Amino acid sequence: MLNSGISCLSQVADLKYIRDSLLPDSSEGEATAAFTRLIEASLSSWFTQVNFFIHNVAQIRDRSQLRLSTATNSKASSVLSFAHGNYSVDSDGLVDSARVVDFQKHYNPEKYYIYVVNICRVDVQAPSFVFRRFSHFHELHTKLTEAFPETSLPKLPSKIYIGRSQIRVVAERRRSELDDYIRHLLMMPADISESELLYTFFHPLQQDNREASLFSVRLLPEEKRNRERAIGGQVKLLVRHEREALRVMVMHAKELSPRNTTSLADPYVKLYLLPDPIKATKLKTKIARKTLNPTFNETLLYSMPELEVRQRHLQVTVLDHDYVGENEFLGGVLIDLSQAELKTSVARWYALTDIRKPL
């Protein structure tokens with residue numbers, strides 16, 4: 001490698017630095033945890049955030065130029081570019097309420113999110129659903145602004161986010177903001193709340209009907225919070241005993257099911273060695289922010305001989321951290337350590353269940 005001509009590899013010390021950086025003397029779990037911390041530090045750095053910002057601006061500029069070119073060459077007569085005609089209260093019926101209740105990820109071929117709008121009309125029993133991209137909301141807002149220049153319209157979420165814009169946490173934040181936007185539009189005077197622009201936006205397209213046939217009818221967020229929620233998801237653990245200590249590597253969790261299924265969670269994992277009447281064995285991971293599929297890659301350690309470990313049960317619980325109220329239980333696992341294989345390092349997924357009765 002020293003003869004490769006790479007300027008940064010000119011001395012033996014350079015090779016030693018590369019070797020040491022790969023952590024060859026660390027266990028798989030220790031190396032995984034160390035590299036995870038390095039990745040997190042890199043993603044939170046100022047340079048990385050600026051780089052994401054510049055990338056987003058470049059994407060927005062390219063898409064704007066493409067849309068401008070398309071609009072110039074288009075001879076479509078629609079009020080909105082994605083609609084096939086104009087619609088009104090007379091043609092579709094008076095809208096009683098409209099809420100942005102969910103979002104879905106699409107690939108066609110780029111990755112983007114579709115927001116689900118639940119529309120209820122006066123004297124119509126069954127609600128309808130339309131599926132709109134974030135760019136559709138912006139087109140609606142732009143044309144409403146042009147049509148009603150003297151009116152102060154509700155605020156629409158920004159197109160630009162520091163960091164990656166097509167990630168779930170941004171989609172959830174936008175869902176809530178778009179929901180507020182639509183609700184406030186319907187509170188405005190009739191010339192706006194019953195305008196052809198807004199009713200054309202609400203009119204189900206052919207692809208909306210296809211999507212709706214696959215979309216299970218969902219409750220609004222306020223109603224969901226008061227209903228029972230089935231516990232679901234899994235947690236990935238590596239449990240072993242070595243060097244006179246029980247080492248539990250909490251790696252990942254996936255498909256968590258929080259109380260409010262329209263929002264994300266702030267999950268963390270907590271451990272106990274049972275029986276433990278005074279809760280002296282509590283250990284917990286860091287909190288993962290705004291995700292239902294967190295990565296932890298943390299090793300939690302109990303200094304305890306194997307004979308004593310074999311007399312315990314490992315209780316693993318996943319919780320959603322709440323800054324004001326009580327943390328929400330998302331599920332747990334109870335592992336009988338007397339039967340566990342503690343000498344081989346094999347990670348496995350465990351299904352989360354309701355284990356709230358202590359031993």
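Just so it is clear, the model here is predicted, and its values are computed rather than measured.

**Brief notes about the overall build of the protein**
Along the backbone of the protein there are eleven helices and eleven strands. Residues classed as buried in the protein amount to 42% of the 359 residues present. In the protein, 64% of the contacts between residues at least 6 apart in sequence involve partners at least 24 apart. Per element, the accessible surface of the protein, about 20,800 Å² overall, is 53% carbon and sulfur.

**Section: the environment of Lys-290**
Its place among the elements puts Lys-290 in the loop between strand E7 (283-284) and strand E8 (295-303). Taking C-alpha positions, Lys-290 is 6.0 Å from Val-169, a pair spaced 121 residues apart along the chain. Beyond its immediate chain neighbours, meaning those up to four positions away, Lys-290 contacts Val-169, Leu-264, Ala-265 and Asp-266.

**Remarks on a nonpolar patch on the surface**
Side chains of Tyr-17, Ile-18, Leu-22, Phe-35 and Leu-38 sit close together on the surface and give an oily, nonpolar patch of about 530 Å² of accessible area. Relative to the elements of secondary structure, Tyr-17 occurs in helix H1 (residues 12-21).

**Section: the packing of aromatic side chains**
What the rule picks out here adds up to seven aromatic pairs. With a centroid separation of 5.6 Å and 75 degrees between ring planes, the pair formed by Phe-103 and Tyr-113 is classed as edge-to-face. Of this pair, Phe-103 sits in strand E1 (residues 95-107) while Tyr-113 sits in strand E2 (residues 111-121), and the two are ten residues apart along the sequence. Its relative accessible area of 5% is what places Tyr-113 among the buried residues. Aromatic pair Tyr-199 and Phe-202: ring centres 6.5 Å apart, planes at 70 degrees, arrangement edge-to-face. Here Phe-202 and Tyr-199 lie together in helix H8 (residues 196-202), a separation of three residues that amounts to about one turn. When its relative accessible area of 1% is taken as the criterion, Tyr-199 is described as buried. We classify Phe-202 as buried; its relative accessible area is 0%. Every member of this aromatic cluster is reached through a ring pair, and the members are Phe-82, Phe-103, Tyr-113, Tyr-115, Phe-137, Tyr-199, Phe-201 and Phe-202. The lysine or arginine in question, Arg-174, covers the ring of Phe-134, its NZ or CZ lying 3.8 Å from the ring centre.

**Points about the nonpolar core**
Core analysis: the biggest nonpolar cluster contains 32 residues, and Tyr-115, Phe-137, Ile-182, Leu-185 and Phe-202 have the highest contact counts within it. Elements with a minimum of two residues in this core: E1, E2, helix H5 (134-147), helix H6 (168-186) and H8. If near-sequence neighbours (up to four positions away) are discounted, Leu-185 is found in contact with Leu-140, Leu-144, Leu-153, Pro-154, Ile-192, Ser-193 and Leu-198. The next biggest cluster of nonpolar side chains, apart from the first, holds 31 residues, and it includes Val-250, Ala-253, Ala-265 and Leu-300.

**Concerning the packing of H5 against H6**
Where H5 meets H6, the closest approach of the two axes is 12 Å, and the angle between their N-to-C directions is 30 degrees. For the crossing formed where H5 meets H6, the hand is left-handed. Of the residues in H6, those in contact with Phe-134, Phe-137, Leu-140, His-141 and Leu-144 of H5 are Arg-174, Leu-178, Tyr-181, Ile-182 and Leu-185. Along the lines of polarity and charge, the residues of the contact of H5 with H6 split into eight nonpolar, one polar and one charged.

**Here's the deal with the pairing of strand E10 (residues 328-336)**
For E10, a buried count of seven out of nine residues is recorded, marking the element as mostly surrounded by other parts of the structure. Here strand E9 (residues 313-320) runs beside E10; their pairing, made up of eight bridges, is antiparallel. Bridge pairing links Leu-319 to Phe-329 in E10.

**Describing unusual backbone geometry**
Across the junction of Leu-274 and Pro-275, the peptide omega takes the value 0 degrees, indicating a cis bond. Mapped onto the elements, Pro-275 comes out in the loop between strand E6 (267-274) and E7. We note that Asp-123 has phi near 65 degrees; this positive angle belongs to a residue other than glycine. Its location among the elements puts Asp-123 in the loop between E2 and strand E3 (128-133). Notably, Lys-290 is not glycine yet its phi reads approximately 50 degrees, a positive angle.

Analysis parameters
Residues numbered from 1 in each chain as written. Predicted model: local features only at pLDDT ≥ 70, side-chain atom pairs only at ≥ 80, totals over all residues. Heavy atoms only, no water. Helix = DSSP H or I, 4+ residues; strand = E, 2+ residues; numbered from the N terminus. Buried < 20%, exposed > 50% of the residue type's maximum accessible area, 1.4 Å probe, protein only. Contact = heavy atoms within 4.5 Å. Areas by Shrake-Rupley, 256 points an atom, 1.4 Å probe, with all protein chains shown as cover. Patch = residues over 30% accessible without salt bridge, like charges linked within 9 Å, V, L, I, M, F, W, Y side chains within 5 Å. Salt bridge = Lys/Arg side-chain N within 4 Å of Asp/Glu carboxyl O. Phe/Tyr/Trp six-rings, centres within 6.5 Å; stacked < 30°, edge-to-face > 60°. Lys NZ or Arg CZ within 6 Å of the ring centre and 35° of its normal. Core = buried A, V, L, I, M, F, W, Y, C linked by side-chain atoms within 4.5 Å. Axes fitted to C-alpha atoms, helices over the stretch in contact; angles between N-to-C directions. Left-handed = near helix turned anticlockwise from the far one by under 90°. Nonpolar A, V, L, I, M, F, W, Y, C, P; charged D, E, K, R; others polar. Pairing = 2+ DSSP bridges.

Such coordinate-based values are descriptive only and should not be taken to indicate function.
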